[in-house]
Amino acid sequence: MRPLQMVDTKTQYHKIKDQVDTAVLAVMESSQFIGGKVVNDFAASLAAYHGSKHVIPCANGTDALQIAMMALGLEPGDEVITPSFTYIATVEVAALLRIRPVFVDVDKQTFCIDPVEIEKAITPKTKAIVPVHLYGQAANMEAILDIARRHNLYVIEDNAQAIGNDYSFSDGSVKKTGTMGHIGCTSFYPSKNLGAFGDGGAICTDDDQLAEKIRMIASHGQSKRYYHDVVGCNSRLDAMQAAVLQVKLQYLEGYIQARRKAAGFYDAAFNNHPAISIPFRHPNNRHVFHQYTLLLHGVDRDALSQYLAEKGIPSMIYYPVPAHRQKMFDAFGGSSFHLPVTDWLTERVISLPMHTELDEEQQQFIVDHVLEFVNRSI
Ligand SMILES: *Cc1c(COP(=O)(O)O)cnc(C)c1O
């Protein structure tokens, strides 16, 4: 059996090595390392894949979120409504811009921001909602977009974990996650579902003016070279990463299928277990399983994790401390937020290896050991 890893990017690479190597070597030969055709072609391919009008590549997913907030004109003192049950990047960028993150609780089943709680948290200072499609499952966008419309708020989707997910509205229309709000942000961090061989990110929008602004901000605020109209930053996807991503984008659908198949195997093994809840699959979207995350009931999670580690099975807690309880947010009154579902989930989640290269032998080994420990402890 191949050694177990949370993510196996090496095996994945070896399957498409010739294509990737050729593409990367061509960039080296061209010496066009920043910008240029390869980056533009990838942006066009991703826009076509998403069915979105504009894709602006940038340096990473964190920058994508920051640039989105800058492009929407959010200012110090404004408020954005976000989940606390997320990766820190979602909310860190708000704090960096002196925008106040207003943390709200998540839905117990989907782990994504709860629209009912959003509505309660709106104040005259609220400017935007930042839903996160956590672990690959889409937030309840129909309800979120409705709230945003009624209260005249922007929606910035954090799509770092869910690229390729399809969300269905009740009228039957289907959209990719990251293309429903005013701006969608994603990450190409190597372990993400569409991973580069280094850092990368992208911003999606259908709004021409916003796209122009995003492009300017990501490029030192320049409208034309050496003419800087607004304060911006330097955030670029380099050509080698774009070359890798252009190749891998062709395989994204297959990668999603592989993740969903692996999730199905785990589901079948853990379904109906009294001490384990398997990931909920909301019928309104196609979960793309960036993570496969179980909830444990009455099981010593650290002891399970330790036991698995001894058997060579990695596991992770995403995330051990929710954002509102991070020291970083003391100044924003982080821990004064009352988020019982977030706290409840934080104590119970555990993520198992999930990637495109898992085989059944590996998964059976993981399942057997999880069940052995859990059945012994209940
Ligand atoms: C990975 C991730 C980000 C940040 O992306 P980077 O490319 O690492 O900067 C933001 N939000 C979420 C939910 C993520 O998982």
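Residues numbered from 1 in each chain as written. Predicted model: local features only at pLDDT ≥ 70, side-chain atom pairs only at ≥ 80, totals over all residues. Heavy atoms only, no water.

A separate point is the site of the ligand. Among the 15 residues in the neighbourhood of the ligand, the closest are listed as Gly61, Thr62, Asp158, Ser187 and Lys192. Residue serine 187 places a side-chain N or O atom 2.7 Å away from an oxygen atom belonging to the ligand. For the ligand, the protein covers 93% of the area, taking 380 Å² as the surface of the free molecule. Elements represented by at least two residues in the shell around the ligand include exactly helix 4 (61–71) and helix 5 (89–96). It is helix 4 that provides the largest number of residues to the shell around the ligand, a total of 3 residues. Considering only residue class, the shell around the ligand consists of 5 nonpolar, 8 polar and 2 charged. (Near = heavy atom within 4 Å. Polar contact = N/O pair within 3.5 Å; in protein donor to acceptor, adjacent residues only side chain to side chain. Areas by Shrake-Rupley, 256 points an atom, 1.4 Å probe, with all protein chains shown as cover. Helix = DSSP H or I, 4+ residues; strand = E, 2+ residues; numbered from the N terminus. Nonpolar A, V, L, I, M, F, W, Y, C, P; charged D, E, K, R; others polar.)

A few words on the packing of helix 4 against helix 5. As a packed pair, helix 4 and helix 5 sit with axes 9 Å apart at the nearest point and diverge in direction by 45 degrees. The angle between helix 4 and helix 5 places the two elements in the oblique class. Regarding helix 4 and helix 5, the two cross each other, and that crossing is right-handed. On helix 5, the residues touching Thr62, Leu65, Gln66 and Met69 of helix 4 are Ala89, Thr90, Glu92, Val93, Ala94 and Leu96. Class assignment of the residues belonging to the contact of helix 4 with helix 5 gives a composition of 6 nonpolar, 3 polar and 1 charged. (Axes fitted to C-alpha atoms, helices over the stretch in contact; angles between N-to-C directions. Parallel < 35°, antiparallel > 145°, perpendicular 65-115°, else oblique. Left-handed = near helix turned anticlockwise from the far one by under 90°. Contact = heavy atoms within 4.5 Å.)

This part takes up the domain arrangement of the protein. In terms of domain boundaries, the protein breaks down into domain 1 (9–104 + 111–249) and domain 2 (252–377). With centres defined by C-alpha atoms, the gap from domain 1 to domain 2 works out at 25 Å. Taken together, the contact between domain 1 and domain 2 spans 40 residues of the former and 36 residues of the latter. Summing the contributions of domain 1 and of domain 2, the shared interface buries around 3,400 Å²; its carbon and sulfur component is 60%. Inspection of the region where domain 1 meets domain 2 yields 2 salt bridges. Linking lysine 15 and glutamate 357 is a salt bridge whose minimum nitrogen-to-oxygen distance equals 2.5 Å. In this assembly, domain 1 and domain 2 are joined by 23 residue pairs in polar contact (both at pLDDT 80 or more). (Domains from an automatic or database assignment. Buried area = accessible area lost by both parts, 1.4 Å probe. Salt bridge = Lys/Arg side-chain N within 4 Å of Asp/Glu carboxyl O.)

Let us look at the nonpolar core. Of all hydrophobic cores here, the largest spans 40 residues; its most connected members are Phe85, Ile118 and Ile144. For this core, the elements supplying multiple residues, two or more each, are helix 5, strand 3 (100–104), helix 6 (115–121) and helix 7 (141–151). Per-element tally for this core: the top contributor is helix 7, with 5 residues. Split by domain, the residues of this core number at least three in each of domain 1 (9–104 + 111–249) and domain 2 (252–377). In this structure isoleucine 144 touches Ile113, Pro115, Ile118, Ile129, Pro131, Ala139 and Val155, once residues within four positions along its chain are discounted. Among the nonpolar cores identified, the runner-up in size contains 30 residues, and Val24, Leu46, Phe188 and Cys204 belong to it. (Core = buried A, V, L, I, M, F, W, Y, C linked by side-chain atoms within 4.5 Å. Buried < 20%, exposed > 50% of the residue type's maximum accessible area, 1.4 Å probe, protein only.)

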